[in-house]
Amino acid sequence: MLSALNLVSQNLNAYLILSGLLFSIGAFGFLARRNAISMLMSIELMLNAVNLAFVAFGAFVSSADPSHAAQASDIALIVMAAAAAEATVGLAIVIAIYRNRKTPLVDEYDAMKR
Amino acid sequence: MTFSDTSAMAPFIAAVLVSAAVILVDLVWPGRKTAALTATFVGLAIVAALTVAVGQSGTTAFGGSYRVDALTTFLDLLFVAIAALTAAFAPDYLGERGLPVAEFNAVLVFAMAGAMLIAGAADLIVLFLGLELMVLPGYLLAGYHKTDGFSTEGAIKYFLLGSFSSAIFLFGIAFMYGMTGTTRIDAVAANLTAVVAGTAPFSPGLGLGLAFLMTGVAFKIAAVPFHYWTPDAYQGSPTPVTGYLSVGPKVGAFAVIIRLFAGALLPMAAQWNIAVMVLAALTMTLGNLVALTQDNVKRTLAYSSIAHTGYMLVGFAAFAAGQIQGLEGLLYYGAAYAFMNLGAFAVIGAIQRKTGVTSNLSTFAGLVRREPALAWLMFLFLLSLTGIPPTAGFFGKFYIITAAVQAGKTDAWLYVLAVLAVLNAAAAAFYYLRIVVYMFMRDPDTETSVAAHGRLVWTGLAVTTVMTIVLGLFPGVLLDAVATAAKAIG
Amino acid sequence: MPYATLIPLIPLLPILGFAFTALFGRRLMLRHGRTAAEIVPVGIVIAVWVIAMIVVVPALGHQDPFGTAGLDVKLWTWIPAGRLSVDLGFHVDALTAALLIVVTTIGMLVHVYSIGYMAHDKATWRFFAYLNLFMFSMLLLVLANNWLLVFAGWELVGLSSYSLIGFWYHKRSAALAAKKAFIVNRVGDVGFALGIMAIFVNTGTLNIQESLAKLVEQGAHNTVPLTIVALLVFCGAMGKSAQFPLHVWLPDAMEGPTPVSALIHAATMVNAGVYLVARANPLFSSAQDAMVVVAGIGIFTAILAASIAFTQTDIKRVLAFSTLSQLGYMFAALGVGAYTAAIFHLMSHGFFKGLLFLDSGSVIHSVDGEQDMNRMGGLWKKIPITHATMLIGTIAIAGIPPLAGFFSKDEILGEAFKAGFTWVWLIGVVVAVMTAFYMWRLMGKTFYGESRVDPAVAPHVHESAWQMTLPLVLLAIPSIFLGMAVGLPLGNGLLVGWLKPVFEQSEQILARTPVDTLFGLPVDTVLIGISVAAALAGLISGLYLFGWGSRKVKQDTVDAIAGGSGASRFLYRGSLNKWWFDEINDLLFIRIGGAVAAFLWWFDRTIVDGTVNGVGTVVRDAGGGLRQIQTGRVQNYALGIAIGLIVMAGSFLLIVGQPR
């Protein structure tokens, strides 16, 4: 009988590669999208990739010491909270500039002297 | 949470409470500037007193994730001073533009609390939290003039890029955690020592982690080539905020560097110091040369702040090469730079008190005739930023460069870095001097009426002036504190 | 009062005077008139002179508490910490005393003179504030007992000189000249700063006396580091004392008010470099390769500047080039190890050149601000005091015995010859001829012959006020008698005795064997004969061409040389255009330097941005279906960060991944 657990890869590198891919997709989205909200979402994606890395590391690296595994998920929760705070601040700023410029597209924010 | 936990973290907790108190005071007496200001300054005084009291006990909190040592105390007091001076300089400028003072102060104190968390961090996650708590209010402050296009534009650039770099930084922490199995700074250092000694397995993940961490902090201190956000964010922000941004988050980010690289990653100094040196060389040189071409004073000082980051990095590189003097110099420079730069920005803010006054060079033409006191004070701050003796800036540079020269005996590249620093200090004179020339040797374009400045501004200017002179003439007053603080690490 | 109290007062009073005048001068001048604003700064400088004289007399005589080693006055410990311990304080020995005489005496007379000279200026208070600031900085530089304090004074004299050159900033040329002076000095300062670093690295102390002692000790084993240190220090000296190739700022500095030219750019600040090398004499004596460089640059500057002075028509510029030339003499003297002679010339030159500059100011004042000698002439009867004192100055600088210049210049040439530097001596003699000639050219064109003064101004030509003529007369006295007073008997005068302890160590290191006879005659007699003959030759040819009394200038002869063919024409053009140094510098530093800065700026915002844009385009095109993606500035910055990250990660993987 195939246990559900066996479907989960036992290889740390697999998780790290997934995390790296997610991070890269987030970074690419940040570089490629011109809408401030989309960029914000990309950053969230990057942070989630980091969370995945944390949890994976927690599960594999310190299997000898179970307290560390718990720590990894704590970290993930903390990072989520920080990400939420960041999103809040970000949205506030986006709204402020939207009121001034009537556009969410960041490449049109270029009033500053070069 | 035990009593010893609370007592060790008392200054930080107090800072958060002060921030909340300022908001409450504003709720009770809406729009009463005096009430909000009184709450801020009394609160900051309490925080400072608590810092001094706790600093003598030397304890850890929350299972060792937060630790109070001499470095924490030194940095905390510096952060309180920066916040207090910013709070003193801002009301005039904000009031004229109809911006609320209470919220400003509350946000500012939050940022200060974040910096204080960094200063005491003994765990990488606490370090990250402190960093976020410091920079998030910073984004808000940059966009504080929310009806002004420049302010919000600077803020969104600062925010987007800052968050991007925070994610990179956090990824670096994840790697360090994965490679060493812990986030406690001393445990990380112990594990890395084992790796360097060859008794523990080595992984390329360490290299990646170092790169991510270095990129993250290089962005926060605005080191070249991660500096692009600086000029826009600085020029766009309301002037008192620019002063704060150029000092508070910068010293805070250096605190991150010290806790992270001088604490957790020190065993691998031989591997990462070359990167620090390259960053230092690029940062000094590019910052200074580009500052030469600017004709907006805020932008000039933005680039000059990049150059100052470079000098501080020289001190750090000297430390990493084994000279504790380099770290002392870095801390001293941080304090000296905080006072002189805040002073310079306070003068700009005072000149821009009336809405619509730009920070272009032409605004400064003939300043000595319109506002002689401000012109002479600006002259002093610029002298200090240039590094002309006997000012604080001179001594800071002198200390750092001597440290680099001493360290040159172990790593010859530091000689090169020291010579480069001297050359840069010489070149920097030109753009500072240009401001002086405009103030003293040009006639004003238009006759603008002189604005009166509040007592708080003058008090703040008096403090920055005295510190700029005293730190230059009698550096001994700070050297002991700096030496003890540096010893806490080395 | 004990000396430990008096000595700190010397720099302290001027800085207080500066603070007072800067803060209250304007108000005092507006409410109570000019005198009210002038009384404090001028009074203070007179007081400083009195105090200085009280200190100087026992210091020169090696009396207690000065002794032969000098008196150290510690103010406070600047840096208390361990290895880097630095005490702030003053050191007064005979060398300091000699400088104090020049600085305070001329400083005082220039302050008095300025009362008259600046009588019509609207911002006199500011002028006096700057002058006091300058006095403070210069005295700090001279009195300091450690390199850092010297450096502080060094930077501050530069700063006050900058503000005084640009004092009439409405004149664009003045503002430009100030900037030029600052920039060129900055180049020298970098050298000096590096020199101080090098001294600190080698000796671990910044105290002048201690570090020199340690350097000499090391010099016995290995002179290479010492040569580097000495050359770096000399680099600073070259900037302040305007030696080739950093000489370009001094002639332009004449845009400042004339009292400034006399005080700063003739008698005091430009001597700082000479003082610095003399102060560091054990270092230089232990690094003889560096000394040859000093001598070479000195004597080259001397002849270069003299050749330019031949053709200048601006009275102050002639004097400026003459100053360069005389400073060149001093460095030549330092380079051949004749330290005493250099200081002797520094003192006598300080007096007679200060006098000449103040005279030129009096002339300019009398002809309503005209500085072109082609629009002067025949003034000698109208401004007799100025004429008489300037004549004294001219004879003194020409080197005619028994005036001051003869003794000091002869000593330099004699020492150079006896030390075996025949080439220095030979060029020095040629320069002596040239000096006498161009100085008489100045006299002839200014005072004699027919009047070429603007007819509108001519009727108003008048002698200056007593505040201006009194300093002239007072300065004429040392110009005549200084040499006889301290220079006799030749080679063993009072000054030699005073300065002996300062230069004793160097003499031991150098250990020169004196040459006694030449052509069967005592060597001194022969050399003096040659010097005097040279001076007379220059003077007589000057007299022949440019006349005296009412005799006319032989303009046709001059024109014939100027308009001649081949070599003479080239030489004339070269001299007139100052050998094109300004053009060369403009190309090198302003054009190319400016282009580099502009390029970096462009690079920062265009190439980096552009590359990033380019990469953005690549990303976009590579994306195929993602064509609608565009990059804004924020993305460019972010891409910059990303590229930086990738580079950093790559290098770290390489560095960290290396097997150990």
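Look above for the structure.
A. Molecular detail of the overall build of chain C. Secondary structure summary: chain C contains 25 helices and four strands in total. Here the contacts in chain C between residues at least 6 apart in sequence split such that 80% fall between residues at least 24 apart.

B. Highlighting the packing of helix α3 (residues 33–55) of chain B against helix α4 (residues 70–96) of chain B. All names here are of chain B. Contact pair α3 / α4: the axes reach a minimum separation of 9 Å and the direction vectors enclose 170 degrees. By the angle class used here, α3 and α4 are roughly antiparallel. Judged by residue contacts, K33, L37, T40, F41, L44, V47, A48, T51, V52 and G55 of α3 engage T73, D76, L77, V80, A83, A84, A87, A88, P91 and G95 from α4. The residue inventory of the contact of α3 with α4, partitioned by class, reads 13 nonpolar, five polar and two charged.

C. Here's a closer look at the packing of aromatic side chains. Taken as a whole and judged by the stated rule, the model has 44 aromatic pairs over all chains. For the pair F127 of chain C and F167 of chain C, a centre-to-centre distance of 5.2 Å together with 70 degrees between the ring planes defines the contact as edge-to-face. Of this pair, F127 of chain C sits in helix α4 (residues 124–143) while F167 of chain C is found in the loop between α5 (147–165) and α6 (172–203), placing the two residues 40 residues apart along the sequence. Judged by its relative accessible area of 0%, F127 of chain C is buried. Assessed through its relative accessible area of 2%, F167 of chain C is described here as buried. Plain terms: the ring middles of F417 of chain C and W425 of chain C are 5.0 Å apart, the flat faces sit at 70 degrees to each other, and that makes the pair edge-to-face. Both residues of the pair, F417 of chain C and W425 of chain C, belong to the buried class. One aromatic cluster in this structure is built from Y332, F394, F395, F398 and Y399 of chain B together with F151, W154 and F192 of chain C. Directly above the ring of Y93 of chain B sits R97 of chain B, whose terminal nitrogen or CZ lies 3.7 Å from the centroid.

D. Representation of empty space enclosed by the protein within the structure. Evaluated as defined, the whole model comprises 15 cavities of 30 Å³ or more. Within this model, the largest cavity holds a volume of roughly 280 Å³. Around the largest cavity, the lining comprises 18 residues; the ones closest to its centre are F394, V422 and A425 of chain B together with F151 and A193 of chain C. Of all the secondary structure elements, the ones that give two or more residues to the lining of the largest cavity are α17 (392–407) and α18 (413–441) of chain B together with α5 and α6 of chain C.

E. Layout of a nonpolar patch on the surface. All names here are of chain B. Where nonpolar side chains cluster on the molecular surface, the patch consists of I274, V278, L282, W413, Y415 and V416 and spans about 550 Å² of accessible area. Listing elements by their share of the nonpolar patch, those giving two or more residues are α12 (269–291) and α18. When you line up the elements, V278 lands in helix α12. Owing to a relative accessible area of 44%, V278 belongs among the partly exposed residues under this scheme.

Calculation notes
The written sequence of each chain sets the order in which its residues are numbered from 1. Lettering of chains starts at A and numbering of ligands starts at 1, both following the order in which they are written. Local features in this predicted model are restricted to residues of pLDDT 70 or higher, and side-chain atom pairs are both shown and tallied only at a pLDDT of 80 or more, whereas totals for entire chains, interfaces and linings draw on every residue. Calculation of side-chain values draws on the structure's entire complement of heavy atoms; hydrogens and water are dropped beforehand. For the purposes of this entry, the term helix denotes a DSSP run of H or I that reaches at least four residues, the term strand denotes a run of E that reaches at least two, and both are numbered from the N terminus. The contact criterion used is simple: two residues touch if any of their non-hydrogen atoms lie within 4.5 Å. Every angle, taken between N-to-C directions, lies between 0 and 180 degrees, and every axis is a line fitted to C-alpha atoms, over only the stretch in contact when it is a helix. Relative orientations are named as follows: roughly parallel for angles under 35 degrees, roughly antiparallel for angles over 145 degrees, roughly perpendicular for angles from 65 to 115 degrees, and oblique for any other angle. In this classification, Asp, Glu, Lys and Arg are treated as charged, Ala, Val, Leu, Ile, Met, Phe, Trp, Tyr, Cys and Pro as nonpolar, and every other residue, Gly included, as polar. Two rings from Phe, Tyr or Trp (for Trp, the six-membered ring) form a pair when their centres sit within 6.5 Å of each other. Planes less than 30 degrees apart are called stacked, planes more than 60 degrees apart edge-to-face, and all others tilted. Summary of the burial criterion: residues with accessible area below 20% of their type's maximum are buried, those above 50% are exposed, and those between are partly exposed, where the area comes from a 1.4 Å probe applied to protein chains only. Definition used: whenever NZ (Lys) or CZ (Arg) falls within 6 Å of the ring centre and also within 35 degrees of the ring normal, the charge is taken to sit over that ring. Cavity: a set of points on a 1 Å grid over the protein atoms alone where a 1.4 Å probe fits but cannot get out. Pocket: an open set with protein on both sides within 12 Å along at least five of seven lines, its lining residues, like those of a cavity, having an atom within 4 Å of a point. Grid points are joined across faces, edges and corners, and a volume is the space filled by probe spheres set on the points. Surface patches are defined over residues having more than 30% relative accessible area and no salt bridge, joining like charges when they lie within 9 Å and nonpolar side chains (Val, Leu, Ile, Met, Phe, Trp, Tyr) when within 5 Å. Throughout, the Shrake-Rupley method with a 1.4 Å probe supplies accessible areas, and for residues the shown protein chains are the sole cover considered. For salt bridges, the criterion is a side-chain nitrogen of Lys or Arg within 4 Å of an Asp or Glu carboxyl oxygen.

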